[in-house]
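Observations on chain architecture
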Amino acid sequence: MMEGTTRGERMASRVVAAEVAGYVGREITVAGWVHRVRELGKVSFVVLRDRSGLLQIVYEGAAPASVETVISVRGTVAENSKAAGGFELRAGGTEMLGPADSDLPIAVNGDPGSIALETLLDNRMLSLRMPEVRAIFELQSEIVALFSEALRKRGFTEIKTSKLVGSGTEGGTGLFQVDYFGEPAYLAQSPQLYKQAMVASGLERVFEIGAAYRAEKHDTPRHLNEYVSLDVELAFIDGIDDLIDLEIEILTHICEGLAQSSRSRSTLARRSSELPSADALRRTPRIDHETAKRIASDRTGTRLFELNPRAERALCDWAAEEHGIDAVFVTGFPRKKRPFYTRPEAPPAEQGPEADSEANPDSPTAAAAGAASAGDSAGGSAAGAGAPGSAGESGAGSASGTTPAAFRSGPEATAGGTSTPAAPAGTPASGTASDRGPATGAPPTTGFAGHSGPGKRRARATASFDLLFRGLEITTGGMRIHEHNALLEALRAFGMQPEALSDYLNVFRYGCPPHGGFAIGLERLTQKLLGLENVKEASAFPRDRKRLRP
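An account of the accompanying structure is given in this report.

1. Details of the sheet that holds strand 9 (residues 183-187)
Taken together, 3 strands build an open sheet; the order of strands is 7-9-8 and the sheet is antiparallel. Both edges of this open sheet fall to strand 7 (164-165) and strand 8 (177-180), since each of them pairs with a single strand only. One ladder, built from 2 bridges, connects strand 7 with strand 9; its direction is antiparallel. By the bridge assignment for strand 9, Val165 is matched with Tyr186.

Pasting the structure below:
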């Protein structure tokens, strides 16, 4: 132990590596992990790693500690143009705070790109120490803070909702069942039910940042079984353009905030990844589902019946060429691909007999569509349109399944789509948007559902959308049915029992404003902003069908 002061006094006055430049010629105390050791005869060089960066320490004689040992060092700061940062510490005294075994399974001071991902994940407690790996989560933390900041500035209230839900009686897939004091319960796939309840409580605008779960046996670079969902819900909107405009504002705020952070800029530069500009984000095209399939089919030379991963990549390539941004909002998804509570674009009476056949879960049309789970979202969807990580709405992604199980199976149906369609009748138009935020200069739209595409309103379409970004769905959202009677009809169309959702239905029985929302998959957004190959790289402790540790 170094003499003269107590450990508490030294730690209180500790200087981090990034700040030593302000102490040239002065004696200071630093502390951290031994990142690298190089011994040259009578002199040893130790690179110390702390939360702020690296610092070279010079010792007379042998280095006092091995790699990854935690030490506290007192010494004098000197300039050295050859040292990292241009400064070094000439050691006086060293204290061992946490010795490390020498048999490290991976080289923390090595290049993570040269190590297989599974090896990095198997040794996650050590791989998180690697500066390039840790930087992913430092940037992710900034994304979360900026997301919250953008919404708070617009009058949103942050909520926290239960991740244990009790309804699981209507069938469906993708649920993790747990024992709740002898009764079956499930891990929530989304906060959708609760978001809507909080909107109807009078808060009007709410958001949540929380975990979501999908028990689906995916094994792809785009899926997780546990992920973080950035959920948004707001009342008094006119249509999905209000939601899309809001998401553009949020993403703009996130990207501008990251661009102003020197640490984030450094992380992005090391990975040769660029942030989209505000102008580029506002140019993001909005096309309807049928137009999206046609464009993707033309570009891939394959007739597509759904937007699979190849189609998502093709659409983003098209958007980059035509609009200068590799992102696209796809709107008007068929009802068979959305949850029962999604608002139809037009009442069934205006959609023709085709709508009736899909409203029946037992009809050949519905059966052929395959019921995917109640709400593809952030963890990533199986069928292909899945998003990276947000439960109900963005990325958890559902692959296949049966009739969605109301809210126990989650909110938005994204890419893989939900199972059977809802056929609520006479859903009224939404209310006003008198208090929504400023417009974002979205490109003019025409035709279907107010967006570019065929002029004819197609049957079974919903007021819903996905955002595809750099070849991957990262968001799903839409308007909700907000009238009690219309929801009852939708439940019957899905073959679901209203009694099982009585608490949810009370939200609408006693008056609920027109509303909608969306969710962004945090891991997928992080993955695409940084150009990571696998969404698991954007999860500190990823959970997939084979991994439940560390």
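2. Quick word on the packing of aromatic side chains
For the coordinates displayed, the defined rule picks out 7 aromatic pairs. Seen in terms of ring centroids, Phe147 and Phe207 are 5.9 Å apart; in terms of plane orientation they differ by 85 degrees. Their pairing is edge-to-face. With Phe147 in helix 4 (residues 131-152) and Phe207 in strand 10 (residues 205-213), this pair connects stretches of sequence that are 60 residues apart. By the burial criterion, Phe147 is buried, and Phe207 matches it. Ring geometry for Tyr504 against Phe508: centres 4.9 Å apart, planes inclined by 75 degrees, an arrangement best described as edge-to-face.

3. Section: a nonpolar patch on the surface
Together, Leu164, Tyr180 and Phe181 make up a nonpolar patch on the protein surface, roughly 370 Å² of accessible area in all. By secondary structure assignment, the location of Leu164 is in strand 7.

4. Some thoughts on the side chain of Thr161
The topology assignment puts Thr161 in the loop between strand 6 (157-158) and strand 7. A distance of 3.3 Å separates the side chain of Thr161 from the side chain of Lys163, its partner in a polar contact. Of the polar contacts made by the side chain of Thr161, one reaches the side chain of Glu208; its length is 2.8 Å. Ignoring sequence-local partners within four residues, the contact set of Thr161 consists of Pro191, Tyr194 and Glu208.

5. Describing the pattern of salt bridges
Going through the model one piece at a time under the given rule, you end up with 27 salt bridges. Between Glu68 and Arg49 there is a salt bridge; the shortest N-O distance is 3.0 Å. In this pair, Glu68 is assigned in the loop between strand 3 (53-60) and strand 4 (70-79) and Arg49 in strand 2 (residues 43-50), connecting sequence segments 19 residues apart. Both residues of the pair, Glu68 and Arg49, count as buried. A salt bridge links Asp122 to Arg547; the shortest N-O distance between them is 3.0 Å. Pair noted here: Asp122 is in helix 2 (residues 117-122) and Arg547 is in the segment after helix 15 (522-530), with a separation of 425 residues, a long-range link. Residue Arg547 is classed as buried on the basis of its relative accessible area of 7%. In the salt-bridge network here, residues are joined through shared partners; they are Lys195, Asp231, Glu233 and Arg480.

6. Concerning the packing of helix 5 (residues 192-203) against helix 14 (residues 502-509)
As a packed pair, helix 5 and helix 14 sit with axes 10 Å apart at the nearest point and diverge in direction by 30 degrees. What the angle tells us is that helix 5 and helix 14 run roughly parallel. For the crossing formed where helix 5 meets helix 14, the hand is left-handed. Together, Leu193, Gln196, Ala197 and Ala200 of helix 5 and Tyr504, Val507 and Phe508 of helix 14 make up the contact between the two elements. Split into classes, the residues belonging to the contact of helix 5 with helix 14 amount to 6 nonpolar, 1 polar and no charged.

7. Concerning helix 14
The set of residues buried in helix 14 consists of Tyr504, Leu505, Val507 and Phe508. When helix 14 is viewed along its axis, its buried side chains cluster within an angular range of 140 degrees and face the same direction. The exposed set on the far side of helix 14, more than 90 degrees from its buried face, consists of Asp503 and Arg509. If you follow the buried residues of helix 14, they end up packed against helix 5, helix 13 (484-493) and strand 16 (515-521). Immediately downstream of helix 14, the backbone of Gly511 shows phi near 95 degrees, a positive value.

8. Looking at the nonpolar core
In summary, soluble globular proteins display a tendency toward joint burial of nonpolar side chains. By size, the foremost hydrophobic cluster in this structure holds 51 residues, and its most contacted members are Ile143, Phe147, Val232, Ile250, Ile254, Phe518 and Leu525. With 10 residues, helix 6 (residues 240-260) is the largest single contributor of residues to this core. Setting aside residues no more than four positions away along its own chain, Ile250 makes contact with Phe147, Ala150, Leu151, Val232 and Phe518. Listed in part, the 18 residues of the second largest apolar core include Val15, Val20, Ile57 and Val77.

9. As for the side chain of Glu208
For Glu208, the position within the fold is in strand 10. On the basis of relative accessible area, Glu208 is assigned to the buried category, the value being 2%.

10. Overview of the packing of helix 4 against helix 7 (residues 262-270)
At a minimum axis separation of 10 Å, helix 4 and helix 7 run at an interaxial angle of 130 degrees. For the element pair helix 4 / helix 7, the angle class is oblique. In this structure, helix 4 crosses over helix 7, and the sense of that crossing is left-handed. Two secondary-structure elements touch here, helix 4 through Glu132, Ala135, Glu138, Leu139 and Glu142 and helix 7 through Arg263, Ser264, Thr267, Leu268 and Arg270. Within the contact of helix 4 with helix 7, the residues separate by chemical class into 3 nonpolar, 2 polar and 5 charged.

11. Re helix 9 (residues 289-300)
Look at helix 9: 16 Å from first C-alpha to last across 12 residues, which is about the 16 Å you get at 1.5 Å a residue. Inspection of helix 9 places His289, Thr291, Ala292, Lys293, Ile295, Ala296, Ser297 and Thr300 among the buried residues, and these make up the whole buried set. Tucked into the core, helix 9 has its buried residues touching strand 12 (286-288), helix 10 (309-323) and strand 13 (327-331). Of the residues trailing helix 9, Gly301 is marked for its positive phi of about 70 degrees.

12. Observations regarding the sheet that holds strand 2
Taking strand neighbours around the barrel as the criterion, the 5 strands line up as 1-2-3-5-4 in a closed arrangement whose pairing is mixed. Each strand axis lies, on average, 55 degrees off the axis of its neighbour in the sheet, ignoring direction. Examined bridge by bridge, strand 3 and strand 5 (residues 87-98) share 3 bridges and lie parallel to one another. Bridge pairing in strand 5 places Ile57 opposite Leu89.

13. Things to note about the environment of His289
Mapped onto the elements, His289 comes out in helix 9. Residue His289 is classed as buried on the basis of its relative accessible area, which comes to 2%. With 45 residues separating them along the chain, His289 and Pro334 place their C-alpha atoms 7.9 Å apart. Contacts of His289, omitting those with residues within four sequence positions, involve Glu306, Leu307, Val330, Thr331, Gly332, Phe333 and Pro334. Within polar-contact distance, the side chain of His289 engages the side chain of Glu306 at 3.3 Å.

Conventions used here
Residues numbered from 1 in each chain as written. Predicted model: local features only at pLDDT ≥ 70, side-chain atom pairs only at ≥ 80, totals over all residues. Heavy atoms only, no water. Pairing = 2+ DSSP bridges. Helix = DSSP H or I, 4+ residues; strand = E, 2+ residues; numbered from the N terminus. Phe/Tyr/Trp six-rings, centres within 6.5 Å; stacked < 30°, edge-to-face > 60°. Buried < 20%, exposed > 50% of the residue type's maximum accessible area, 1.4 Å probe, protein only. Patch = residues over 30% accessible without salt bridge, like charges linked within 9 Å, V, L, I, M, F, W, Y side chains within 5 Å. Areas by Shrake-Rupley, 256 points an atom, 1.4 Å probe, with all protein chains shown as cover. Salt bridge = Lys/Arg side-chain N within 4 Å of Asp/Glu carboxyl O. Polar contact = N/O pair within 3.5 Å; in protein donor to acceptor, adjacent residues only side chain to side chain. Contact = heavy atoms within 4.5 Å. Axes fitted to C-alpha atoms, helices over the stretch in contact; angles between N-to-C directions. Parallel < 35°, antiparallel > 145°, perpendicular 65-115°, else oblique. Left-handed = near helix turned anticlockwise from the far one by under 90°. Nonpolar A, V, L, I, M, F, W, Y, C, P; charged D, E, K, R; others polar. Arc of directions from axis to C-beta. Core = buried A, V, L, I, M, F, W, Y, C linked by side-chain atoms within 4.5 Å. Expected span 1.5 Å × (residues − 1).

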